[in-house]
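# Summary of the model geometry
As a plain string of letters, each chain reads:
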Amino acid sequence: MKEVLLEQGEKLCLKNDGGLELFFIGVGSAFATTLDQTNFLIIKGGVHIMVDFGMTGPSALWKTARLEIAEIETILPSHLHSDHIGGLEGCGLINRYVSQKFFGKPKIKMIITEEFQRILWDRTLCGGMGHNEEEITSKRTLGLGDYFDIVRPTWKTYQPRQIFILDYEGIKIELFRTKHIPDSAPTWEASFISYGLFIDDRVFVSMDTRFDQELIDMYEEKSEVMFQDVQFFDEGVHAPLSMLKGLPSKVKSKMFLMHYSDDWAKHEIFDFKGWAKAGVRYCF
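Read on for an overview of the structure. (Residues numbered from 1 in each chain as written. Predicted model: local features only at pLDDT ≥ 70, side-chain atom pairs only at ≥ 80, totals over all residues. Heavy atoms only, no water.)

## Focus on the overall build of the protein chain
Looking only at helices and strands, the protein chain has 8 helices and 16 strands in total. For 284 residues, the compact-globule estimate of 2.2 N^0.38 gives 19 Å, and the C-alpha radius of gyration of the protein chain, at 18 Å, lies within 12% of that figure. For the protein chain, the spread of C-alpha atoms along the principal axes amounts to about 65 × 45 × 35 Å. Considering the protein chain as a whole, with its 284 residues, one finds that 54% of them fall into the buried category. Summing over all exposed atoms, the protein chain offers an accessible surface of approximately 12,600 Å²; the carbon and sulfur share of this is 53%. For the protein chain, the centre of its 32 positive side-chain charges and the centre of its 41 negative side-chain charges are spaced 3 Å apart. (Helix = DSSP H or I, 4+ residues; strand = E, 2+ residues; numbered from the N terminus. Rg over C-alpha atoms; globule rule 2.2 N^0.38 Å. Buried < 20%, exposed > 50% of the residue type's maximum accessible area, 1.4 Å probe, protein only. Areas by Shrake-Rupley, 256 points an atom, 1.4 Å probe, with all protein chains shown as cover. Lys, Arg positive; Asp, Glu negative; His and termini not counted. Charge placed at Lys NZ, Arg CZ, Asp CG, Glu CD.)

## Topic: the pairing of strand β10 (residues 171-177)
Within β10, 6 of the 7 residues are buried, which leaves the element mostly enclosed by the surrounding structure. In terms of strand pairing, strand β9 (residues 163-168) meets β10 through 6 bridges, oriented antiparallel. Paired with I163 across the two strands is F176, which belongs to β10. Bridge count for β10 against strand β11 (residues 195-199) is 5 bridges, and the pairing is antiparallel. Looking at the pairing, F176 lines up with G196 of β11. (Pairing = 2+ DSSP bridges.)

## Re the side chain of E21
If you trace the backbone, E21 turns up in strand β2 (residues 21-26). Judged by relative accessible area, which is 2%, E21 ranks as buried. Other than its neighbours up to four places away in sequence, E21 contacts L12, N16, L41, I42, I43, R281, Y282 and C283. (Contact = heavy atoms within 4.5 Å.)

This is the structure in structure tokens:
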């Protein structure tokens, strides 16, 4: 893997020569004020996927990559927290009422499980997106499928936890359930729906999870690089740095930390691979 810093003001190309590439438009926690929220692009060949699009997504996309919302073609949301899906409403509205109507662009594709689709629409997006149009005869309001073309991953059977798989135009994705919220949930089964990713059989991205040794054990041997969310205090709904420091050196040496708070520079992580950085192309 190599890290290539995108020059300030340089536009990120959403196509490459076919190698896997990750590009973070933000690496901060939900409450960070000097860092944009942790959302990133997967790029491979002529295909890209925007993984999460939070409240800072639109501005961070422009600031780090000089990209407009209208240039995003595929989105994969991981869970309902606003730092991960707070920009989806605007994204869908711009696509439907500007990009499609005036520029003839297709609907944005969304990679999402059936269960999460219902939850995302009913509990978050319906209020701002469902009632913008209505069929006079049937009184039917809009649904998520009116804004996004749904791409459905497949349930992978006989796994130690719920996993969905998809080969999206050459990008292999595993979506695994995480143990994120509430902080009292003892297992991933008891937790509210939330997903992490394993990409192309080589890159682990925890997304949001509390410390989960079982999950790390499932993917560590298979991972070339691991991107793990972190917090700097114990308990809570992310993996505490104090617990991550207890991992074996061979694990920490391949682990970037992400989703961190503004005071990240005060914390020593000399035996980890490093801090994930916005504006850097991670090329595999």
